[in-house]
Amino acid sequence: METPGSQSSLHRANLERVVRAVRLAGSLTQAEIARTTGLSAATVSNIVRELKDRGTVEVTPTSSGGRRARAVSLSGDAGIVIGVDFGHTHLRVAVGNLAHQVLAEESEPLDVDASSTQGFDRAEQLVSRLIEATGVDRSKVAGVGLGVPGPIDVESGTLGSTAILPGWTGTKPAEELRGRLGVPVHVDNDANLGALGEMVWGSGRGVQDLAYIKVASGVGAGLVISGKIYRGPGGTAGEIGHITLDESGPVCRCGNRGCLETFTAARYVLPLLQPGHGTDLTMEGVVRLARDGDPGCRRVIADVGRHIGSGVANLCNLLNPSRVVLGGDLAEAGELVLGPIRESVSRYAIPSAARQLSVLPGALGGRAEVLGALALALSEMGDSTLLDGTATGSLAASSPAFT
């Protein structure tokens, strides 16, 4: 047993600090590890050498600032994590290794009226199929990140009221999937996972304070403060869709009137255009028509952008993020929607907050949430288990999908 404060316990703590920094970033040069951990360059060099000898990390030549450097990442065979994203009409699953490399990914349609049992049956089958496709032993699964389109109670893990998957309200998604797979499962809402995905792999890289705005069947924000997702004590932080824009406006599903969501979400926007474009119109179709020059679609997207900008201005005044990333199908409209967002921010936000803000489209598209689920699983892993060689769990042998 190591004595607290002893040389051996200090060395162990430094090993864990280096492993954690690399695990969260995916790949870092030794100089970046030193800056991230606060350890000296000599200490980092010795620790990296030890971790390489253990087989915990891999070191490859690279360049940084025009100089030769060594990139450090976790060993590709140290374990795998799984991301599962449930959306309004889709189920997407990805398998990645601890070096932040996606090994397999697949999406399939999901009936919005499907029960939670049917949804988890499908997820279990898809997870099994993808693990088999990677050729990685099932015992290497270290954890699962799970995304759902609704608020998760922080204490109980219960999914709150959601109009997107109405039959799932009151379920405990993490508990359900954990019982099927037999490995740790960590759950969060889709906007938070979109923020994580963009922060690790996309338009939020290198930013410590940002908001990821997802506009789809509903409207939500994933908030990153000082490099960490902010959920609030009840798990409902980021419900930007329920900021009141017009107290005499349309009735929202939350019971209030004139929420931001009633001016921007697909269920409210599409009926405006259906008389001239048919009832099969989707937000993806609206964006495509707008980019092709359709005047009605361009006007509606501009209006949506201005309304989103009003909500973003409120975020700027309260939280002063340095970046806002727009996700969902709407982000594909580019400047047609980003320009009006910036216009509203400039008009309604405190000038100093508006000047510091950049508004960008998401870089990951529809993959943001499932990649964020991978990032969640990676962030929740224990570093001591990696060092002890016991990072991986084992999928439930009793589950028919894994036999």
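First things first, this report covers the structure right here in the doc.

Rules of the game
- Residues numbered from 1 in each chain as written.
- Predicted model: local features only at pLDDT ≥ 70, side-chain atom pairs only at ≥ 80, totals over all residues.
- Heavy atoms only, no water.
- Pairing = 2+ DSSP bridges.
- Helix = DSSP H or I, 4+ residues; strand = E, 2+ residues; numbered from the N terminus.
- Axes fitted to C-alpha atoms, helices over the stretch in contact; angles between N-to-C directions.
- Phe/Tyr/Trp six-rings, centres within 6.5 Å; stacked < 30°, edge-to-face > 60°.
- Buried < 20%, exposed > 50% of the residue type's maximum accessible area, 1.4 Å probe, protein only.
- Core = buried A, V, L, I, M, F, W, Y, C linked by side-chain atoms within 4.5 Å.
- Contact = heavy atoms within 4.5 Å.
- Expected span 1.5 Å × (residues − 1).
- Polar contact = N/O pair within 3.5 Å; in protein donor to acceptor, adjacent residues only side chain to side chain.
- Parallel < 35°, antiparallel > 145°, perpendicular 65-115°, else oblique.
- Left-handed = near helix turned anticlockwise from the far one by under 90°.
- Nonpolar A, V, L, I, M, F, W, Y, C, P; charged D, E, K, R; others polar.

### Observations concerning the sheet that holds strand S8 (residues 185-189)
Turning to step 1, where the next piece is worked out: Spatial strand order, S6-S5-S4-S7-S8: five strands in an open sheet with mixed pairing. The outermost strands of the open sheet, each flanked by one partner alone, are strand S6 (102-109) and S8. On average, each strand axis in the sheet is tilted by 15 degrees relative to the strand beside it, whichever way the strands run.
Turning to step 2, where the next piece is worked out: Bridge count for strand S7 (residues 141-148) against S8 is five bridges, and the pairing is parallel. Note that in S8 the partner of Val144 across the bridge is Val185.

### Here's the deal with the packing of aromatic side chains
Turning to step 1, where the next piece is worked out: Tallying each qualifying case throughout the model produces three aromatic pairs.
Turning to step 2, where the next piece is worked out: With a centroid separation of 5.4 Å and an interplanar angle of 75 degrees, the aromatic rings of Phe86 and Phe120 are classed as edge-to-face. With a gap of 34 residues between them, Phe86 in strand S4 (residues 80-86) and Phe120 in helix H4 (residues 116-134) connect regions that are remote in the sequence.
Turning to step 3, where the next piece is worked out: Relative to Trp168, the ring of Phe86 has its centre 4.8 Å away and its plane inclined at 65 degrees; by these criteria the two rings are edge-to-face. Remark: Trp168 occurs in the loop between S7 and helix H5 (173-181) and Phe86 occurs in strand S4; sequence separation between them is 82 residues.
Turning to step 4, where the next piece is worked out: By relative accessible area, which is 0% here, Phe86 ends up buried.

### Some remarks on the nonpolar core
Note on soluble globular proteins: their nonpolar side chains tend to be buried together.
Turning to step 1, where the next piece is worked out: In terms of nonpolar packing, the biggest core is built from 46 residues, with Ile33, Leu51, Val81 and Leu98 touching the most fellow members.
Turning to step 2, where the next piece is worked out: At nine residues, the largest contribution of residues to this core is made by helix H13 (residues 368-379).
Turning to step 3, where the next piece is worked out: The contacts of Leu51, once residues within four sequence positions are left out, are Leu15, Val18, Val19, Thr56, Val57 and Leu387.
Turning to step 4, where the next piece is worked out: Counting 41 residues, the second largest nonpolar core, distinct from the first, contains Ile213, Val215, Val219 and Leu223.

### Regarding helix H10 (residues 295-319)
Turning to step 1, where the next piece is worked out: For H10, with 25 residues, the first-to-last C-alpha span of 35 Å sits near the 36 Å given by 1.5 Å per residue.
Turning to step 2, where the next piece is worked out: The residue sitting at the N-terminus of H10 and contributing the capping side-chain oxygen is Asp294; that oxygen lies 3.1 Å from the backbone nitrogen of Gly296.
Turning to step 3, where the next piece is worked out: Once H10 finishes, Asn320 follows within two positions and takes phi at roughly 55 degrees, a positive value.

### Quick notes on the packing of H10 against helix H11 (residues 335-348)
Turning to step 1, where the next piece is worked out: Where H10 contacts H11, the two axes come as close as 7 Å, and the packing angle between them is 40 degrees. On the basis of the axis angle, H10 is oblique to H11. Considering only the axes of H10 and H11, their crossing is right-handed. Contacts between H10 and H11 involve Arg298, Ile301, Ala302, Gly305, Arg306, Ile308, Gly309, Ser310, Val312, Ala313, Cys316 and Asn317 from the first element and Leu336, Val337, Pro340, Ile341, Glu343, Ser344, Val345 and Tyr348 from the second.
Turning to step 2, where the next piece is worked out: In terms of residue class, the contact of H10 with H11 is built from twelve nonpolar, five polar and three charged.

### Some remarks on the sheet that holds strand S9 (residues 210-215)
Turning to step 1, where the next piece is worked out: One open sheet accounts for five strands, arranged S11-S10-S9-S12-S13; its pairing is mixed. With one partner strand each, in any of the chains shown, strand S11 (228-230) and strand S13 (358-361) form the two edges of the open sheet. Between one strand and the next, the sheet's axes are offset by a mean angle of 25 degrees, whatever the strand orientation.
Turning to step 2, where the next piece is worked out: Pairing of S9 with strand S10 (residues 219-225), which is carried by six bridges, proceeds in the antiparallel orientation.

### Topic: the pairing of strand S3 (residues 67-74)
Turning to step 1, where the next piece is worked out: Here strand S1 (residues 28-29) pairs with S3 via two bridges, running antiparallel. Its bridge partner lying in S3, Leu28 is registered against Val72.
Turning to step 2, where the next piece is worked out: Summarising the sheet, strand S2 (residues 57-64) and S3 pair through eight bridges and their orientation is antiparallel. From the neighbouring strand, Ser63 faces S3, where its bridge partner is Arg68.
Turning to step 3, where the next piece is worked out: Remark: two residues form the turn of the hairpin made by S2 and S3, two consecutive strands paired antiparallel; Gly65 in that turn has positive phi of roughly 65 degrees.

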